[in-house]
Structures are given as structure tokens and as C-alpha cells.
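# An overview of the molecular structure
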Amino acid sequence: MATWLEDIAQYLEDSTTSIGIYSPTTTETRTIYLNNMPSTADSFIVLYPYAGMAPDWSHDNDSFRRPRLNVLVVSTAADGGHQKSIDIRKRLDHVHETALPSSTAARHYLLIEGLGEPEYLGKDATGRGQFVTNYQIKYISMT
Amino acid sequence: MTASKAISVKLEGTATARANLRVIAEKLPRQTRQAMVEQTDDVRIESQEECPYDYNNPHNDGSPHLRDTAKTGIDEDTDEYISTYVSYDTPYAVYQHEILEYNHLFPTKAKFLEDPANRHARTWIPDLLRKVQGVLENQTFIKLSADTEIARDYNAWQGAHYSALAGKDTSLIGHLGGRFI
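Just so it is clear, the model here is predicted, and its values are computed rather than measured. (Residues numbered from 1 in each chain as written. Chains lettered and ligands numbered in written order. Predicted model: local features only at pLDDT ≥ 70, side-chain atom pairs only at ≥ 80, totals over all residues. Heavy atoms only, no water.)

### Re the interface of chain B and chain A
Taken together, the contacts link 15 residues of chain B with 22 residues of chain A. A combined buried area of about 1,500 Å² lies between chain B and chain A, and 46% of that area is made up of carbon and sulfur atoms. On the surface where chain B and chain A come into contact, there are two salt bridges. Across the pair R122 of chain B and D56 of chain A runs a salt bridge whose closest N-O atoms are separated by 3.0 Å. Remark: the boundary between chain B and chain A carries twelve residue pairs in polar contact (both at pLDDT 80 or more). Mapped onto the side of chain B that touches chain A, the elements with two or more residues apiece are α3 (93-98) and α4 (114-121) of chain B. Among the elements that make up the side of chain B that touches chain A, the one with the highest residue count is α4 of chain B (four residues). Class assignment for the residues of the side of chain B that touches chain A results in five nonpolar, one polar and nine charged. (Contact = heavy atoms within 4.5 Å. Buried area = accessible area lost by both parts, 1.4 Å probe. Salt bridge = Lys/Arg side-chain N within 4 Å of Asp/Glu carboxyl O. Polar contact = N/O pair within 3.5 Å; in protein donor to acceptor, adjacent residues only side chain to side chain. Helix = DSSP H or I, 4+ residues; strand = E, 2+ residues; numbered from the N terminus. Nonpolar A, V, L, I, M, F, W, Y, C, P; charged D, E, K, R; others polar.)

### Points about the packing of helix α2 (residues 29-50) of chain B against α4 of chain B
Residues and elements named next belong to chain B. Axis separation between α2 and α4 bottoms out at 8 Å; the angle between their running directions is 140°. One finds that α2 runs oblique with respect to α4. Here the hand of the crossing between α2 and α4 comes out right-handed. Note on element contacts: α4 touches α2 through D115, P116, A117, R119 and H120, opposite D42, V43, E46, S47 and E50. (Axes fitted to C-alpha atoms, helices over the stretch in contact; angles between N-to-C directions. Parallel < 35°, antiparallel > 145°, perpendicular 65-115°, else oblique. Left-handed = near helix turned anticlockwise from the far one by under 90°.)

### Some points on the nonpolar core
Ranked by internal contacts, the top residues of the largest apolar core, which has 25 residues, are I8, L47, L69, I88, L92 and I137 of chain A. When sequence neighbours within four positions are dropped, the list of residues in contact with I88 of chain A reads L12, I19, I45, V71, V73 and Y135 of chain A. Judged by nonpolar contacts, the second largest core, of 18 residues, contains L21, A35, V86 and A117 of chain B. (Core = buried A, V, L, I, M, F, W, Y, C linked by side-chain atoms within 4.5 Å. Buried < 20%, exposed > 50% of the residue type's maximum accessible area, 1.4 Å probe, protein only.)

Structural data, given as C-alpha cells:
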């Protein structure tokens, strides 16, 4: 059963600005990962969920979930992944009243908002730049 | 200047409560300020419990452990606005806070400041009002241990300190005497 984290990963892949690949075909290489940093020397994006705030409940038993998302961009690009982080922010920031995934509309996303600008964490051991950005997610389960 | 990281908490859906709180802050500014600081201190204490601790580095150079750099303070204090902060201040604070890939010994973890702040955000205003009430009733000192326990621990430390000094030539101990014996 898919989670909201997978919704976000797929939503990033569906962007027209070529943010990354979450569900690679036989000829593509995956670049968007969930929860685990891959052991590759190339550029990649990792999405980490974290606690956020406690949920709220409505009278008809819907729960408003408010997790948070930490996006780590590790990049061999000259700017260290800054533009990639900005592209991700443009894709996610202020997403509102949107059902994801687009195929099954399992969750209704009330709002996704960035919690700040991409933060540079310096270079990793292989010289790749690292940027991290955090987002507040608000959604209701539709199933 | 070493890097530092501060977390801000944004409260939503509390327009009416904030309006009432503004009235209280206007009429009781000193008490509200103290209650805000005490409440922020609660976040700091929880945060320090979750802050990663480098057991492999005794910091013999005198530099502080990350946990020990936690600080609470007032950021802004005007007629319209009281802003408090919790901050950590080591060059590696932001890495420990933002990189969720690192392994940490339970209960320490990444997001050691943001998560406690988020936990408190939900009940921040009612908790603050209770603390203002506590300040008005002069219950402002938070006792973490009974007086007898505090005296016992202090005496034990003092005894150990003077035992370490016994028989040593103290003439060469400078201003750091007592820390690096």
C-alpha cells in the first residue's frame, strides 16, 4: 500500500522539469530514493519523512495528517545541487487541493509548503554538494 | 563565527487565542515574558534529551558538546511581539539536525530541536496561559530535584574535586584549575 512519501516521489518524477526518476523503466536509472541513501557515486535525491505535528480529526472521522518532509539533494553538478533543490521547491511549494497519486487519488493534499530555503551542507566524502530542504505536508486520506 | 541554527514555530488557526493572548501580554508583559521563557525552556530540556551526544570524543580541547550549547533566550520583545528562541551553537549542529541518514543512539536523533518544538506547538497557547497563571501565583521556580538530593550531589562533587587536588602542587594551576586536573 503506497504512502504519502511515495506520492511525493511520484509527483516529483511527473514534473516536466526532469527533477528525477522514482519508477525507472528498463533504460532509466533511479535517482529519487526514500529513506535510504544509495551507495552510488552519482547525483540523487532522498526523501525522508519525519514527525511533524499531531493530526487533527474532523466530526466525520477524517484525520488531517501533518507530517514533514526532509529532501536531501546530493549532486555532482557545479552548483552542488542548488538548482535541483530550487526545482523541487517550485514543484512542491504551495501544492494545494491536489489529489495524489494522480491514478488513484488516495490522499487529498490540502497544502504542501516549504519551511525555508535550501540549506547547503557542504560536500560529502566524494566531493558532491549536499542541499537539504524541509516541507510541511497536510493531507487527508481518501480511502 | 560558529554556525548556529534556530527553529521557529508557526502557530495556525489560533487567531482568537492570539488576540486574547495579546490582551494578556499588554496587561501583564513581564509575567507573559517570563512564562514564554519558561515554556521555551521546556522545549530546550526535551530537545537536549534528544540531542545526539558524541561519546567517542571527550572534548579534551575544552570545546563544548553539542548538547551543552543549547541556549534559551528572548529574540524580540516589543509592545506587539514576544519572540523566544532555542539554539545550538557548534559548527556541526546543522548536520546533526538535518541529516536523517545518520545513526544515533536512542533516544537521540536528528531533528532534535524541531520535533520537540512541534510537539509543544499544538498546546503552546493553553500551556502558556497556565504558566502565566503560575507566574502570577509566584510558582516560578521549577525544582527538578528535592533540596536534599541537590545538597547530596553538590557535596559529592565538592568532595571529589578536593580529593583530586589533594597532594598536588596547585601553584601552577591557572584559571582552568578544577576542569583539567
